[in-house]
Amino acid sequence: MTLNDYQGEYVTGGTVLYDGQVPKRVTIIAKDHDAGYALGKAEEWLEPGETAMPVGPDGVLCYQLGELTPHQTLAQVKAWIDGKAYRPIEWDEPVRKPGDVSTKTGPWGKRA
(Lines give C-alpha, C1' and ligand atoms only; values in the text may rest on other atoms or scores of the structure.)
Protein backbone atom coordinates (compact mmCIF):
# COMPACT_ATOMS: atom_id res chain seq x y z
CA MET A 1 0.00 0.00 0.00
CA THR A 2 1.23 3.48 -0.74
CA LEU A 3 0.36 6.80 0.83
CA ASN A 4 -1.57 7.94 -2.22
CA ASP A 5 -3.93 4.94 -2.05
CA TYR A 6 -7.57 5.66 -1.32
CA GLN A 7 -7.17 4.07 2.12
CA GLY A 8 -3.85 5.75 2.94
CA GLU A 9 -1.58 4.33 5.62
CA TYR A 10 -2.97 3.30 9.01
CA VAL A 11 -1.55 5.40 11.86
CA THR A 12 -3.76 4.74 14.88
CA GLY A 13 -7.33 4.41 16.03
CA GLY A 14 -9.57 4.64 19.01
CA THR A 15 -12.86 3.45 20.41
CA VAL A 16 -15.89 5.50 21.31
CA LEU A 17 -19.19 4.32 22.77
CA TYR A 18 -21.85 5.37 20.26
CA ASP A 19 -25.03 6.32 22.10
CA GLY A 20 -23.12 5.46 25.27
CA GLN A 21 -23.43 1.73 24.59
CA VAL A 22 -22.19 0.52 21.20
CA PRO A 23 -18.39 0.49 20.67
CA LYS A 24 -17.40 2.20 17.41
CA ARG A 25 -13.88 2.34 15.97
CA VAL A 26 -12.35 5.58 14.75
CA THR A 27 -9.34 5.25 12.43
CA ILE A 28 -6.64 7.79 11.56
CA ILE A 29 -4.75 7.42 8.30
CA ALA A 30 -1.94 9.35 6.60
CA LYS A 31 -1.71 10.36 2.94
CA ASP A 32 1.06 12.13 1.09
CA HIS A 33 -1.32 14.65 -0.48
CA ASP A 34 -4.45 16.73 0.12
CA ALA A 35 -7.12 14.22 -0.93
CA GLY A 36 -9.95 16.77 -0.93
CA TYR A 37 -8.00 19.09 -3.19
CA ALA A 38 -7.09 16.20 -5.53
CA LEU A 39 -10.75 15.19 -5.78
CA GLY A 40 -11.84 18.79 -6.37
CA LYS A 41 -9.24 19.20 -9.09
CA ALA A 42 -10.23 15.94 -10.80
CA GLU A 43 -13.93 16.87 -10.69
CA GLU A 44 -13.26 20.55 -11.55
CA TRP A 45 -14.89 21.77 -8.31
CA LEU A 46 -12.07 24.02 -7.09
CA GLU A 47 -12.64 27.70 -6.45
CA PRO A 48 -10.33 30.10 -8.32
CA GLY A 49 -7.04 30.37 -6.43
CA GLU A 50 -7.74 27.36 -4.21
CA THR A 51 -4.58 25.45 -3.31
CA ALA A 52 -3.75 22.14 -1.65
CA MET A 53 -2.84 22.10 2.03
CA PRO A 54 0.91 21.58 2.39
CA VAL A 55 1.99 18.35 4.07
CA GLY A 56 2.90 18.53 7.75
CA PRO A 57 6.28 18.17 9.44
CA ASP A 58 6.17 14.37 8.98
CA GLY A 59 5.72 14.74 5.20
CA VAL A 60 2.07 13.64 5.22
CA LEU A 61 -1.43 14.83 6.02
CA CYS A 62 -3.56 12.99 8.59
CA TYR A 63 -7.24 12.17 8.11
CA GLN A 64 -10.06 10.45 9.88
CA LEU A 65 -10.84 7.46 7.67
CA GLY A 66 -13.79 8.36 5.44
CA GLU A 67 -13.24 12.13 5.75
CA LEU A 68 -11.52 14.54 3.35
CA THR A 69 -10.52 17.18 5.92
CA PRO A 70 -6.70 17.23 6.04
CA HIS A 71 -4.65 17.91 9.18
CA GLN A 72 -0.91 18.51 9.26
CA THR A 73 -0.25 16.59 12.48
CA LEU A 74 -1.61 13.61 14.39
CA ALA A 75 -2.40 15.88 17.35
CA GLN A 76 -4.50 18.16 15.11
CA VAL A 77 -6.61 15.35 13.68
CA LYS A 78 -7.13 13.83 17.14
CA ALA A 79 -8.28 17.21 18.51
CA TRP A 80 -10.63 17.64 15.53
CA ILE A 81 -12.14 14.18 16.08
CA ASP A 82 -12.37 14.70 19.86
CA GLY A 83 -14.28 17.92 19.18
CA LYS A 84 -17.08 16.07 17.45
CA ALA A 85 -20.26 15.12 19.28
CA TYR A 86 -19.39 11.45 19.77
CA ARG A 87 -16.55 11.86 22.20
CA PRO A 88 -14.79 10.86 24.47
CA ILE A 89 -12.50 8.58 22.50
CA GLU A 90 -10.12 6.10 24.07
CA TRP A 91 -7.10 6.33 21.75
CA ASP A 92 -4.80 3.41 20.98
CA GLU A 93 -1.05 3.92 20.93
CA PRO A 94 -0.01 4.81 17.36
CA VAL A 95 1.49 1.84 15.49
CA ARG A 96 3.83 4.26 13.78
CA LYS A 97 4.59 7.94 13.40
CA PRO A 98 2.80 9.45 10.37
CA GLY A 99 5.13 9.23 7.38
CA ASP A 100 7.30 6.44 8.83
CA VAL A 101 7.60 3.11 7.03
CA SER A 102 6.52 0.17 9.15
CA THR A 103 6.11 -3.58 8.86
CA LYS A 104 3.29 -3.73 11.41
CA THR A 105 -0.18 -4.66 10.23
CA GLY A 106 -3.08 -2.20 10.17
CA PRO A 107 -6.79 -3.01 10.41
CA TRP A 108 -7.01 -4.08 6.77
CA GLY A 109 -4.34 -6.77 7.17
CA LYS A 110 -1.86 -4.71 5.16
CA ARG A 111 1.38 -3.00 6.09
CA ALA A 112 0.70 -0.18 8.53
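Here we summarise the structure given alongside this text. (Residues numbered from 1 in each chain as written. Predicted model: local features only at pLDDT ≥ 70, side-chain atom pairs only at ≥ 80, totals over all residues. Heavy atoms only, no water.)

Looking only at helices and strands, the chain features two helices and four strands. Start at the N end of the chain and walk to the C end: the helices and strands fall as β-β-α-β-α-β. Out of the 112 residues belonging to the chain, those deemed buried represent 32%. When the accessible area of the chain is evaluated, it comes to approximately 6800 Å², of which 52% is carbon and sulfur surface. (Helix = DSSP H or I, 4+ residues; strand = E, 2+ residues; numbered from the N terminus. Buried < 20%, exposed > 50% of the residue type's maximum accessible area, 1.4 Å probe, protein only. Areas by Shrake-Rupley, 256 points an atom, 1.4 Å probe, with all protein chains shown as cover.)

To continue, consider the pairing of strand β3 (residues 61-64). Side chains of β3 alternate between two faces, with L61 and Y63 and C62 and Q64 buried alike. Relative to β3, strand β2 (residues 22-31) runs antiparallel, the two sharing four bridges. Note on β3: the bridge partner recorded for K31 is L61. (Pairing = 2+ DSSP bridges.)

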